[in-house]
Amino acid sequence: MRYEDKTWQDAMRLRVDFNGMMINAPGRPGVCEEDISALAGKIAAATTAMKEKRGQMKWRELPYNQDDVVEEIIETARGVSERFENFVVLGIGGSALGPIAVHQALRHLRYNDLPKEQRGGPRLFVEDNVDPERMAALLDVIDVEKTMFNVITKSGGTSETMSQLLIIVSLLEQRVGKNRINEHIIATTDREKGNLIKIAQKLNIKTFYVPDGVGGRFSELCPVGLLAAAVCGIDIKELLAGAKYMDELCVAEDVWKNPAFMLAVQQYIAMQKGCNISVMMPYADSLKYMADWYAQLWAESLGKRYDNQGNEVFVGQTPVKALGVTDQHSQVQLYTQGPFDKVITFLGVDKYRAEFAIPEGFSDIPDVAFLGGHSLNELIRAEQLATEYAVQKSGHLSHTITLPEVNEFTVGQLLYMFEVQTAFAGELLDIDAFDQPGVEEGKNATYALLGKPGFEQKKQELDCRPKTNAKYVI
């Protein structure tokens, strides 16, 4: 297998170019080598913490400890592919964004529109919202009798996911009967805690488990993401091999040799200089939804009110999604001539999976004819380089991550590198990158408004909140 070939692995190594961060111009929030040197003590402490806390970061062991479950996933996926026309993920947040990003990256960009013999697997739908129109639209295009549903929630109590499950169970009862519901549902949840494991046991549903210590936004490389990937024909062993390869790079204590640590250090310095926006701009449609997945990882992990000592700090960097070249025509004006409050991460690809020549034509119109004889590959690469140049020339900060090609091995590297970067940034900021108290407040308010037992006090609090002032409503 190619991912076991060290020469091939090294040829597929991601490149991180941070020249666009090393700007040392008056009035510009650039990073210089002296800034990094000045953080030597903080970087050393964060490096030590990453080593000492590795045992708590169970997501870091996913490339190493899943041999048996990977085989089980592959076997299950084979059965799903043989029996069903559709595979529907019921989940939200990390349970949905990771599967969407990996599928977009590694499958045909029109996957669901292809005939099954070309797809090689069922159509995939990820239902990551509770907009009633969305559920109605899904049921308009699938036959539930020909569909496998994967309900994913580690806590087993996520209101959005459990609402979807209630709808699907009711439909299956009507269409296939109570005794056959378990033939159409796979659960992915905690092994012992929560309501979904109780439901799975009651209905005798096939279940995969989210490992202890693996939070939702760090869960794509466990059954949460691996099952949907395998069902659609993605080589999950190669995905994990890429993550393992990146882990070996990310144990380097020298920040100049550790790509994830260096990315975190530069973002930290940029934050200290007022760059509180992180733009992710892939120059490949296949990587478009990596920006969505990254947005949750970065925002939910680093947006914190308190540091580890309980001091109010209100830290974090707001993630923004962009797509090259689409957003050259909608956002880059701001990025080159707007405020110096952003760091732009360009995601580039050396070799696209298709080549498309631009034909000769309209020789009497030079402004069009010059494109003939080139290719879309040349054009998108030129557009990326030109945008990088324009951003750097204007003194705004950027760095570029390049994938030699988009495949399971490089995507595994990318996911894992961003996870380590996020954890290291949390150590530099002295915050807990793995909790989400702000999210919990919103969840609890939702429970109270819908009358969930045990949330009566929160409901009373909501009922006593100041009434809307009509003066401020137009």
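As the structure is a prediction and not an experimental result, all values here were calculated from the model.

S.K.: Can you tell me about the overall build of the protein chain, naming the residues and giving the values?
M.R.: A tally of regular secondary structure across the protein chain gives 19 helices and twelve strands. On C-alpha atoms alone, the protein chain measures out to a radius of gyration of 24 Å, which is about the 23 Å that the 2.2 N^0.38 rule sets for 474 residues. Scored against the burial criterion, the 474 residues of the protein chain give a buried share of 51%. A total of about 22,600 Å² of accessible surface is found on the protein chain, and carbon and sulfur atoms cover 52% of it. The protein chain carries 50 positive and 65 negative side-chain charges, and their two centres are separated by 4 Å.

S.K.: If you had to explain the sheet that holds strand S12 (residues 397-405) to someone new, which residues and values would you point to?
M.R.: Within the open sheet, the five strands sit side by side as S1-S12-S11-S7-S10. Their pairing is mixed. Only two strands of the sheet have a single neighbouring strand rather than two, namely strand S1 (15-17) and strand S10 (318-321). Shown here is a sheet whose adjacent strand axes are inclined to one another by a mean of 20°, direction ignored. Alignment of strand S7 (residues 277-282) against S10, held across four bridges, turns out to be parallel.

S.K.: Pulling in residues and values, what's your account of a nonpolar patch on the surface?
M.R.: A cluster of nonpolar side chains, contributed by Phe 356, Leu 376 and Leu 379, occupies part of the molecular surface with about 290 Å² of accessible area. Among the structural elements, Phe 356 can be located in the loop between strand S11 (342-351) and helix H15 (366-369).

S.K.: Quick one: what's the story with the packing of helix H10 (residues 223-231) against helix H11 (residues 236-249), residue by residue and with numbers?
M.R.: The contact between H10 and H11 brings their axes to 9 Å, and the two run at 135°. It follows that H10 is oblique to H11 by the angle criterion. Together, Leu 226, Ala 229 and Ala 230 of H10 and Ile 236, Leu 239 and Leu 240 of H11 make up the contact between the two elements. Considered class by class, the residues forming the contact of H10 with H11 number six nonpolar, no polar and no charged.

S.K.: Describe in detail the environment of Leu 263, supporting the description with residues and values.
M.R.: You can see Leu 263 is positioned in helix H12 (residues 259-272). Each C-alpha atom of the pair Leu 263 and Ile 197 lies 38 Å from the other, and the pair is 66 residues apart in sequence. Beyond its immediate stretch of four places on either side in the chain, Leu 263 contacts Val 16, His 399, Ile 401, Met 417 and Gln 421.

S.K.: I'd like a rundown of the nonpolar core, residues and numbers included.
M.R.: Membership of the largest hydrophobic core comes to 114 residues, with the highest contact counts inside it found for Met 290 and Phe 418. If one sorts the elements of this core by residue count, helix H17 (residues 408-429) sits on top with 13 residues. With residues up to four places along the chain from it excluded, the contact list for Met 290 reads Ala 101, Val 102, Ala 105, Leu 347, Val 411, Leu 414 and Leu 415. Membership of the second largest hydrophobic core comes to 21 residues, among which are Val 88, Leu 90, Phe 149 and Ala 187.

S.K.: Lay out the pattern of salt bridges in plain terms, naming residues and giving numbers.
M.R.: Tallying each qualifying case throughout the model produces 27 salt bridges. Between Arg 54 and Asp 247 there is a salt bridge, and its shortest N-O distance comes to 3.0 Å. Note that Arg 54 is positioned in the loop between helix H3 (40-52) and helix H4 (67-83) and Asp 247 in helix H11, a separation of 193 residues in sequence. Residue class for Asp 247 comes out buried when judged on its relative accessible area of 2%. Among the ionic pairs, Arg 305 bridges to Glu 312, the shortest N-O distance being 2.6 Å. Classification of Arg 305 by relative accessible area gives partly exposed; the value is 43%. It is possible to trace a salt-bridge network through shared partners that takes in Arg 54, Arg 60, Glu 61 and Asp 247.

S.K.: Would you mind going over the layout of surface pockets in detail, with residue names and values included?
M.R.: Approximately 1,300 Å³ is the volume attributed to the largest pocket. In this structure, the largest pocket is lined by 41 residues; those nearest its centre are Gln 104, Leu 109, Asp 285, Ser 286 and Lys 288. Looking at the lining of the largest pocket, the elements with two or more residues in it are helix H5 (94-106), strand S3 (123-127), helix H13 (290-302), S11 and helix H16 (376-393). Across the lining of the largest pocket, the residue classes break down as 19 nonpolar, seven polar and 15 charged. Put simply, the second largest pocket is a space of about 880 Å³. As for the second largest pocket, its lining consists of 41 residues, and the residues nearest its centre are Gly 215, Gly 216, Arg 217, Glu 300 and Gln 436. Those elements that provide at least two residues to the lining of the second largest pocket are H5, helix H8 (159-175), H13, H17 and helix H18 (437-449).

Scoring rules and cut-offs
Residues numbered from 1 in each chain as written. Predicted model: local features only at pLDDT ≥ 70, side-chain atom pairs only at ≥ 80, totals over all residues. Heavy atoms only, no water. Helix = DSSP H or I, 4+ residues; strand = E, 2+ residues; numbered from the N terminus. Rg over C-alpha atoms; globule rule 2.2 N^0.38 Å. Buried < 20%, exposed > 50% of the residue type's maximum accessible area, 1.4 Å probe, protein only. Areas by Shrake-Rupley, 256 points an atom, 1.4 Å probe, with all protein chains shown as cover. Lys, Arg positive; Asp, Glu negative; His and termini not counted. Charge placed at Lys NZ, Arg CZ, Asp CG, Glu CD. Pairing = 2+ DSSP bridges. Axes fitted to C-alpha atoms, helices over the stretch in contact; angles between N-to-C directions. Patch = residues over 30% accessible without salt bridge, like charges linked within 9 Å, V, L, I, M, F, W, Y side chains within 5 Å. Salt bridge = Lys/Arg side-chain N within 4 Å of Asp/Glu carboxyl O. Parallel < 35°, antiparallel > 145°, perpendicular 65-115°, else oblique. Contact = heavy atoms within 4.5 Å. Nonpolar A, V, L, I, M, F, W, Y, C, P; charged D, E, K, R; others polar. Core = buried A, V, L, I, M, F, W, Y, C linked by side-chain atoms within 4.5 Å. 1 Å grid on protein atoms, 1.4 Å probe; cavity = no way out; pocket = protein on both sides within 12 Å on 5 of 7 lines; lining within 4 Å. Points joined across faces, edges and corners; volume = space filled by probe spheres on them.

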